[in-house]
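# Analysis of the macromolecular model
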Amino acid sequence: MALSLAAPAVRTDVPTRERRLLRPGWPLAVLYLGFPLWWALGLAQLIFFFSAAAMAVLLRRQGALRVPRGFALWLLFLIWMGAGVFVTYAQAPGTVPGGGLGRLAGFVVWGGWYVAITVVMLYVVNTAREVSSQRIVRLLAWMFVVTTGFGVLAMVAPTLEFESPVEMVLPQQLTSKNFVRTLVHPSLSSSSDFLGYVQARPTAPFPYSNAWGNNIALYLPFFVLAWMGRDGGWRRKVAPLVLVAAVFPITFSLNRGLWISLAVAAVYAAFRLAANGRARALQALVAAVLVGGIAFVSSPLYDTLLLRVETPHSNDRRAGTAETVVSVTAQGSPVVGYGTTRTMQGSFSSLAGGETDQCHQCAAPPLGTQGFMWRLVLTTGFGGTVLCLAFFAHQFLRRARGPAPLDVTCCTVLLVAVLCFFVYDSLGSAMFTVMVAVGLMARADDPIEEAS
């Protein structure tokens, strides 16, 4: 399936400056291989937009584009999401009126993320001849190593933080805002005390501990494929050490959504391996889970996990946010939603409630947060939510029976992603990974000679 662009294709027999100086696939390589540097510079979020912009330029030079099957669903979703600009200032029931330019700015930023993840999906689909799937998988596997490494560092030096160059040059008026400062201020961890004591939770190289959990859950299937598969080479000997190291920050992250996602991923992978007749791989997976599980339960880490399970903490806030989002959308704008997030009047229990110096948790979180699913519902309505989920379901079902290891890996990523939608604000680096997986899956629909 092809989509024609107005720009003429660049002749492949004429060397360009980009071809001479940069290896094909360089936007992804620069993004992921240099990610620790981008984090230290305060560019860990902006680099995704820069990378997507470079990909868009390269795609425009290419001319005609191939798109994944079912792309019409995603294109319609983007149009649906874009229509939200017309309801950005609509008054949602039970929310604070107004919003100023900040509301429109929020719409532009999150809309930019939708564009960026669309571009990377198309880039992966259309560069099969220049960039091999194996190379892309290894880049994402490298991000698992990076995320694990930063997680271990957060356990060793949880208070490490510093002012980034980007933070230094930004106006103080911007960096004084907690949201902006979190994005550009490198720190290894955040702290929580809901277990009865202060516990450091890894964040780096992402802004929040939940983002750390969301991303590492999506990188893990690629790591298993690239470092423990048949083509792992020297990586196969190192992979078990990386996985053991990852157990510590994963446990101390206190991310129940991460734990559930990993359990579901293991069960799904085992099912697919059994269905595909991969007996040896299935036996290795079961043995690793059993041995690792026994060792984990016998360690002090198990006590931390058990205490976290017995301390719900955010359950009421998450449930209240989800219930309110569905109710507000259904009452006021069920078809297209409200374009952006909204601030709730009062708290879940009272209109007069809210944050105090003694109780920061008494304020209701912004509606449209606490999970990408609730952002979808509030900002694009039930219509946009159905279109978005239908696109991912279509991609999953097309490759659900594929016997190739890459099929199993990418389907696992999509399954984990949708689970995380309910608890994590996935629109960002996590969704970037999801759309790379969609692009890799689409390559199998129109097989061409891949780069080696």
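Residues numbered from 1 in each chain as written. Predicted model: local features only at pLDDT ≥ 70, side-chain atom pairs only at ≥ 80, totals over all residues. Heavy atoms only, no water.

## Quick word on the overall build of the chain
A count of helices and strands for the chain gives 19 helices and four strands. Counting every position in the chain, which comprises 452 residues, the buried fraction comes to 50%. Put simply, 78% of the contacts in the chain that link residues at least 6 apart link residues at least 24 apart. Carbon and sulfur atoms form 66% of the exposed surface of the chain, whose accessible area is close to 21,200 Å². (Helix = DSSP H or I, 4+ residues; strand = E, 2+ residues; numbered from the N terminus. Buried < 20%, exposed > 50% of the residue type's maximum accessible area, 1.4 Å probe, protein only. Contact = heavy atoms within 4.5 Å. Areas by Shrake-Rupley, 256 points an atom, 1.4 Å probe, with all protein chains shown as cover.)

## As for the pattern of salt bridges
This model, assessed by the stated rule, comprises four salt bridges. Of the charged contacts, one joins Arg399 and Asp407 as a salt bridge, the two residues approaching to 3.1 Å between their closest N and O atoms. Neither Arg399 nor Asp407 differs from the other in exposure class; each is buried. One salt bridge connects Asp445 with Arg399, and the closest N-O pair in it is separated by 3.7 Å. (Salt bridge = Lys/Arg side-chain N within 4 Å of Asp/Glu carboxyl O.)

## Some details on a nonpolar patch on the surface
On the surface, Val85, Phe86, Tyr89, Leu101, Leu104 and Val108 cluster together to form a nonpolar patch covering roughly 650 Å² of accessible area. Structurally, the position occupied by Leu104 is in helix H6 (residues 100-125). Assessed through its relative accessible area of 31%, Leu104 is described here as partly exposed. (Patch = residues over 30% accessible without salt bridge, like charges linked within 9 Å, V, L, I, M, F, W, Y side chains within 5 Å.)

## Thoughts on the nonpolar core
Judged by nonpolar contacts, the single largest core of 107 residues is most densely connected at Tyr32, Trp74, Tyr114, Phe392, Phe432 and Met435. Beyond its immediate sequence surroundings of up to four residues, Tyr114 is in contact with Trp74, Phe77, Leu78, Met81, Phe372, Leu376 and Leu427. (Core = buried A, V, L, I, M, F, W, Y, C linked by side-chain atoms within 4.5 Å.)

## Things to note about empty space enclosed by the protein
Enumeration over the complete set of coordinates arrives at one cavity of 30 Å³ or more. Estimates place the volume of the largest cavity at around 90 Å³. Along its surface, the largest cavity is lined by Met81, Gly106, Phe107, Trp110, Gly111, Tyr114, Gly339, Thr340, Arg375, Thr379, Thr380 and Leu427. Listing elements by their share of the lining of the largest cavity, those giving two or more residues are H6 and helix H17 (372-399). For the lining of the largest cavity, the residue count by class is five nonpolar, six polar and one charged. (1 Å grid on protein atoms, 1.4 Å probe; cavity = no way out; pocket = protein on both sides within 12 Å on 5 of 7 lines; lining within 4 Å. Points joined across faces, edges and corners; volume = space filled by probe spheres on them. Nonpolar A, V, L, I, M, F, W, Y, C, P; charged D, E, K, R; others polar.)

## Some points on the side chain of Thr147
Of note, Thr147 is situated in helix H7 (residues 133-156). When neighbours within four sequence positions are excluded, Thr147 is seen to be in contact with Ala204, Pro205, Phe206, Trp212, Ile216 and Tyr219.

## So, the confidence of the model for the chain
For residues with low pLDDT, the predicted coordinates do not support detailed interpretation. Averaged over all residues, the pLDDT of the chain equals 86, while 85% of them reach at least 70. With pLDDT under 50 throughout, residues 1-15 is counted as low confidence; its partners more than four residues away or in other chains account for 29 contacts. Under a pLDDT of 50 for its full length, residues 349-353 has, in the predicted model, four contacts with residues more than four places off or in other chains. (pLDDT = per-residue confidence, 0-100.)

## Re the packing of helix H18 (residues 405-421) against helix H19 (residues 429-443)
Orientation of H18 relative to H19, taken along the N-to-C sense of each, is 145°, at an axis distance of 9 Å. Regarding H18 and H19, the two cross each other, and that crossing is left-handed. Of the residues in H19, those in contact with Leu406, Cys410, Cys411, Val413, Leu414, Ala417 and Phe421 of H18 are Met431, Val434, Ala437, Val438, Leu440 and Met441. Partitioned by chemical class, the residues of the contact of H18 with H19 number 13 nonpolar, no polar and no charged. (Axes fitted to C-alpha atoms, helices over the stretch in contact; angles between N-to-C directions. Left-handed = near helix turned anticlockwise from the far one by under 90°.)

## Some remarks on unusual backbone geometry
Cis rather than trans, the peptide bond between Ala204 and Pro205 has omega equal to 5°. Relative to the elements of secondary structure, Pro205 occurs in the loop between strand E4 (199-202) and helix H11 (209-228). Phi angles above zero are rare outside glycine, and Leu254 is one such case at about 60°. Mapped onto the secondary structure, Leu254 falls in the loop between helix H12 (235-252) and helix H13 (256-275). Phi is positive for Gln370, which is not a glycine, with a value near 70°. For Gln370, the location among the structural elements is in the loop between helix H16 (315-332) and H17.

## Things to note about the pairing of E4
Burial along E4 is two-sided: the face carrying Gln199 and Arg201 and the face carrying Ala200 and Pro202 are both buried. As paired elements, strand E3 (residues 189-192) and E4 share four bridges and run antiparallel to each other. By the bridge assignment for E4, Ser189 is matched with Pro202. (Pairing = 2+ DSSP bridges.)

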